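Structural overview
Each chain, letter by letter, is given below.
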Amino acid sequence: MVEQVSEQVSEQASGRVAILGAGNMGGTILAGLLRAGRGPADVVVSARRPERAAELRRQHGIEVLDNVSAAAWGDTVLIAVKPRDVSGLLKEISPALRPGTLVVSLAAGQTIAALESDLPEGTPVIRVMPNTPSLVDQGMSVLSPSEHCRPEHTERAQELLSATGKVLQVPEAYQDAVTAVSGSGPAYVFYVAEAMIEAGVLLGLPRTTSTELVVQTLFGAATMLRQTGTHPSILREQVTSPGGTTAAALRLLDDQRVRGAFVSAIEAACQRSEQLSKN
Ligand SMILES: NC(=O)C1=CN([C@@H]2O[C@H](COP(=O)(O)OP(=O)(O)OC[C@H]3O[C@@H](n4cnc5c(N)ncnc54)[C@H](O)[C@@H]3O)[C@@H](O)[C@H]2O)C=CC1
Ligand SMILES: O=C(O)[C@@H]1CCC=N1
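Residues numbered from 1 in each chain as written. Chains lettered and ligands numbered in written order. Predicted model: local features only at pLDDT ≥ 70, side-chain atom pairs only at ≥ 80, totals over all residues.

- Under the annotation held in an unreviewed UniProt entry, the chain carries the name Pyrroline-5-carboxylate reductase and is attributed to Kineosporia succinea.
- Taken from UniProt, the Subcellular location (unreviewed entry) comment for the chain reads in full: "Cytoplasm". (UniProt positions renumbered as here; feature names shortened; annotations may be inferred.)

1. Focus on the site of ligand 2
- Neighbouring ligand 2 are Ala108, Thr179, Gly183 and Ser184.
- Split by residue class, the shell around ligand 2 holds 1 nonpolar, 3 polar and no charged. (Near = placed C-beta within 6 Å. Nonpolar A, V, L, I, M, F, W, Y, C, P; charged D, E, K, R; others polar.)

2. Remarks on the domain arrangement of the chain
- By the assigned domains, the chain splits into domain 1 (3–175) and domain 2 (185–278).
- Spacing between the C-alpha centres of domain 1 and domain 2 amounts to 32 Å.
- Listed as interface residues are 9 residues of domain 1 and, on the opposing side, 5 residues of domain 2.
- Its residues placed into classes, the side of domain 1 that touches domain 2 shows 4 nonpolar, 5 polar and no charged. (Domains from an automatic or database assignment. Contact = placed C-beta atoms within 7 Å.)

3. A closer look at the nonpolar core
- Counting 50 residues, the largest nonpolar core has Ile19, Leu20, Leu78 and Ile79 as the members making the most contacts within it.
- If we ignore the near neighbours within four places in the chain, the residues touching Leu78 are Val17, Ala18, Ile19, Leu20, Ile29, Val104 and Leu106. (Core = buried A, V, L, I, M, F, W, Y, C linked by C-beta atoms within 7 Å. Buried ≥ 20, exposed ≤ 12 C-beta atoms within 10 Å, placed from the backbone.)

4. As for the site of ligand 1
- If you check the shell around ligand 1, you find 24 residues, and the closest are Gly21, Gly23, Asn24, Ala107 and Ala108.
- At the level of elements, helix H1 (24–35) and helix H4 (83–93) are the ones that each hand at least two residues to the shell around ligand 1.
- A breakdown of the residues in the shell around ligand 1 according to their chemical character gives 12 nonpolar, 9 polar and 3 charged. (Helix = DSSP H or I, 4+ residues; strand = E, 2+ residues; numbered from the N terminus.)

5. Let's talk about the pairing of strand S3 (residues 43–46)
- What you see with S3 is no split at all: Val43 and Val45 on one side and Val44 and Ser46 on the other are buried throughout.
- Pairing between strand S2 (residues 17–20) and S3: 4 bridges, direction parallel. Considered in S3, the bridge of Val17 is made with Val43.
- The β-α-β motif built from S2, the intervening H1 and the parallel element S3 has right-handed crossover chirality.
- Inspection of the sheet shows S3 paired to strand S4 (residues 63–65) by 3 bridges, in the parallel sense. Paired with Val45 across the strands is Val64, a residue of S4.
- Tracing the backbone out of S3, into helix H2 (residues 50–60) and back to the parallel element S4 gives a crossover that is right-handed. (Pairing = 2+ DSSP bridges. Right-handed = clockwise from strand over helix to strand, strands pointing away.)

Here it is, written out as structure tokens:
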């Protein structure tokens, strides 16, 4: 059902790209596209605040336009504003879109049907859930094309998003779960990192030392998962010596129902994504 599409490809089939909303995600994708070799003349952004527009021009040497001019210019228009701002933005740009313009939305909980209802009939739309590790080209972007998308539209979005990491395609019905697992996922890892660093400090380690130990441990563990393809239970067993320190720690985590708390937390994120789609 889930199809792996591509990883770290970056040639420019997606034409001119207009990014509407240059916050965390919009700014991250913009920087990734430029890092991947896209010329500043092929990308524009829109920004509401003049200071942010000036900063983007200075930092990246790109054109910063208003929403309508950017949307009229782009072959692909990437929507990177907060979910509550999406509908108003689409209504604003809708009259300016040229036929065949591809609209790619990064907004959590905004369904393809809701996006289409604010766009001209037949507009190809792709719903995407990215995540912030795109900032270091290790993102996970998961896309679902609308029925108006032709294969070349999906390829365009894949090409665009693969500049900043992995890309998968899933049926739209999976998007709330995807949002809960990989969209919000980096926050869970940072939360664990914070807790481990504070624990090291509590045990008397200098903060810088504790931070270095934790960051390298998380990086090493993630790299092992990726490179060995071994199930996490087996990797955890390999660390857990009989009667040893890890078994003592894991017993406490089980007593405190930490695994169950993670499952419930990710379920809550999924439910919140479903709620957002009803607003
Ligand atoms: N931050 C994250 O980890 C992820 C965010 N997303 C989605 O990405 C979208 C953007 O999120 P963030 O970048 O975190 O938010 P953000 O608040 O950092 O960025 C949104 C940007 O849009 C601008 N903006 C708002 N209304 C606008 C308008 N009408 N025209 C032009 N610009 C406008 C804001 O000034 C701001 O710069 C959201 O829909 C979110 O659900 C998806 C996956 C991960
Ligand atoms: O917290 C949020 O709603 C967004 C979507 C996934 C990550 N950040």
